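# A closer look at the structure
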Amino acid sequence: MQALKTFGDEVAIAFSGAEDVAVIEYAHLTGRPFRVFSLDTGRLNPETYRLFDKVEKRYGIHIEYMFPDTAETEELVRTKGMFSFYEDGHQECCRIRKVRPLRRALRGLNAWITGQRKDQSPGTRAAVPVVQVDPVFDGKDGPGSLVKFNPVSNVSSAETWAFLRTMDVPLNELHFQGYDSIGCEPCTRPVLPNQHEREGRWWWEDATAKECGLHSGNVMDSAVEGAKEEAGDLYTSSNVVEVSKDEMEKMATAGADVSTMAVIYAPWCQFCQGLEPAYEEVAAQLQGSGVRVAKFRGDTEREFVADRFQLQTFPRIVFFPKAGAKEFVAYPSDRRDVDNLMAFVHALQ
């Protein structure tokens, strides 16, 4: 590994997940000494701590743990509570528990090695070079002095896991319980089959927000903007009716003339795109049932949908009952398959 040869004791491997274990295994195979550091946020799963212990014992190393500033953490929790990130986003908590401890760790190095892969978050991590001058963090000698190595940048998830299985390295037990991308316990959950690995992280936020700031220099805002510009409309089936802002307002305040299920969406949102086949199938099945299936584009009316329908992320599905009921009902699950959507409708008819 060129990084170890060039920088010796002035480079360290950042360790948190499976890709990082692969990097550690590569470093071990070189026969050179290497350093490993990790960020202990205070909110990790027990399985993650057990992984740390297994890695230390397997490779005969002592992981250099970095912890958040006590005063900052106390202030955050005492002021906003233990789970404020569910209300106002994860960035503040990550900044205190992850980004600032990382910054302290990197100021003592000339280089660091990560397990970033381009396919971890397509569209936002697509710009991950194998070697770069870190565009965000400073090294020992100040701005522009820190080199960042991403040796598995061009390696796919399948290739990574094939290597991990072949080498029989320690793994996080949560991977065998449906977890792909693992972070802090309150912000990580299992993913369903065919969901992207990052959908298990910060699931209450939209796809463009699913970065914690550790690799913000590799996040492509332009990719998000490009997706917005290039995205065509969704739910174009003749069975789905487009409704106006005035009609959404009327249904929310005065009730619906006909029972209506509506999706509030953004065409560029990958979760809205993933919902399209199931939503159109539901619309087809509900033809002639007395339930109208509708859509409302919400990204051009952010203030309205946030205020009226408590929308924080796309998509949001709401049901407006008939018979003068003024209260809409929000779809309560992220399992937006045909069977669950149909059960939701039938329960409200």
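Note that the structure is a prediction, hence the values are computed from the model and not measured. (Residues numbered from 1 in each chain as written. Predicted model: local features only at pLDDT ≥ 70, side-chain atom pairs only at ≥ 80, totals over all residues. Heavy atoms only, no water.)

Summed over all chains, the structure comprises zero disulfides. With no disulfide of its own, cysteine 93 has cysteine 94 as its nearest cysteine by sulfur position, at a separation of 6.0 Å. (Disulfide = S-S within 2.5 Å.)

Spatial strand order, E3-E2-E1-E4-E6-E5: six strands in an open sheet with mixed pairing. Where the open sheet ends on each side, the last strands, each with one partner, are strand E3 (64-66) and strand E5 (131-133). Direction aside, neighbouring strands of the sheet carry axes that sit 25 degrees apart on average. Note: E5 against strand E6 (residues 147-149), three bridges, orientation antiparallel. Each bridged residue has a counterpart across the sheet, and for valine 133 the counterpart in E6 is valine 147. Seen against the sheet, helix H6 (residues 91-106) touches strand E2 (35-39), E3 and strand E4 (111-113) and runs at an angle of roughly 155 degrees to E2. (Pairing = 2+ DSSP bridges. Helix = DSSP H or I, 4+ residues; strand = E, 2+ residues; numbered from the N terminus. Axes fitted to C-alpha atoms, helices over the stretch in contact; angles between N-to-C directions. Contact = heavy atoms within 4.5 Å.)

Moving on: empty space enclosed by the protein. Applying the stated rule across the entire model yields four cavities of 30 Å³ or more. Approximately 90 Å³ is the volume attributed to the second largest cavity. Around the second largest cavity sit 13 residues that line it, and Cys93, Cys94, Cys184, Cys187 and Trp202 are the ones nearest its centre. It is H6 that contributes the most residues to the lining of the second largest cavity, four residues altogether. Residue composition of the lining of the second largest cavity, grouped by class: seven nonpolar, two polar and four charged. (1 Å grid on protein atoms, 1.4 Å probe; cavity = no way out; pocket = protein on both sides within 12 Å on 5 of 7 lines; lining within 4 Å. Points joined across faces, edges and corners; volume = space filled by probe spheres on them. Nonpolar A, V, L, I, M, F, W, Y, C, P; charged D, E, K, R; others polar.)

Here the focus is the pattern of salt bridges. A side chain of one charge can pair with a side chain of the opposite charge when the charged atoms of the two come close. Using the criterion set out here, one finds 17 salt bridges in the structure. Salt-bridge contacts for glutamate 25 lead to arginine 58; the nearest nitrogen and oxygen are separated by 3.5 Å. Here glutamate 25 is found in helix H2 (residues 18-30), whereas its partner arginine 58 is found in helix H3 (residues 46-59), with 33 residues between them in sequence. When its relative accessible area of 3% is taken as the criterion, glutamate 25 is described as buried. (Salt bridge = Lys/Arg side-chain N within 4 Å of Asp/Glu carboxyl O. Buried < 20%, exposed > 50% of the residue type's maximum accessible area, 1.4 Å probe, protein only.)

All chains considered together, the criterion is met by 19 aromatic pairs. Ring geometry for tryptophan 268 and phenylalanine 314: centres 6.2 Å apart, planes at 85 degrees, overall edge-to-face. Of this pair, tryptophan 268 sits in the loop between strand E8 (260-265) and helix H10 (270-285) while phenylalanine 314 sits in the loop between helix H11 (302-309) and strand E10 (316-320), and the two are 46 residues apart along the sequence. Grouping residues by exposure puts tryptophan 268 and phenylalanine 314 together as buried. Three or more aromatic residues joined by ring pairs make a cluster, and in this case those are Phe296, Phe304, Phe309, Phe320 and Phe328. (Phe/Tyr/Trp six-rings, centres within 6.5 Å; stacked < 30°, edge-to-face > 60°.)

Across a sheet, strands are paired by hydrogen bonds formed along the backbone, either parallel or antiparallel in direction. With mixed pairing, five strands are arranged side by side in an open sheet as E7-E9-E8-E10-E11. Looking at which strands have only one partner, the edges of the open sheet turn out to be strand E7 (241-242) and strand E11 (329-330). Sheet analysis places E8 next to E10, joined by five bridges and oriented antiparallel. The residue of E10 that forms the bridge with methionine 261 is phenylalanine 319. Contacts between helix H12 (residues 338-348) and the sheet are confined to E8, E10 and E11, with E10 contributing the most and set at about 25 degrees to the helix.

To continue, consider the confidence of the model for the protein. Scored by pLDDT, the protein comes out at a mean of 86, with 87% of its residues at no less than 70. A low-confidence stretch, residues 208-213 stays under pLDDT 50, and its non-local contacts, those more than four residues away or across chains, total 27 contacts. (pLDDT = per-residue confidence, 0-100.)

Taken across its six residues, E8 has six buried, putting it largely inside the fold. Alternating positions in E8 separate into two faces, Thr260, Ala262 and Ile264 on one and Met261, Val263 and Tyr265 on the other, with burial throughout.

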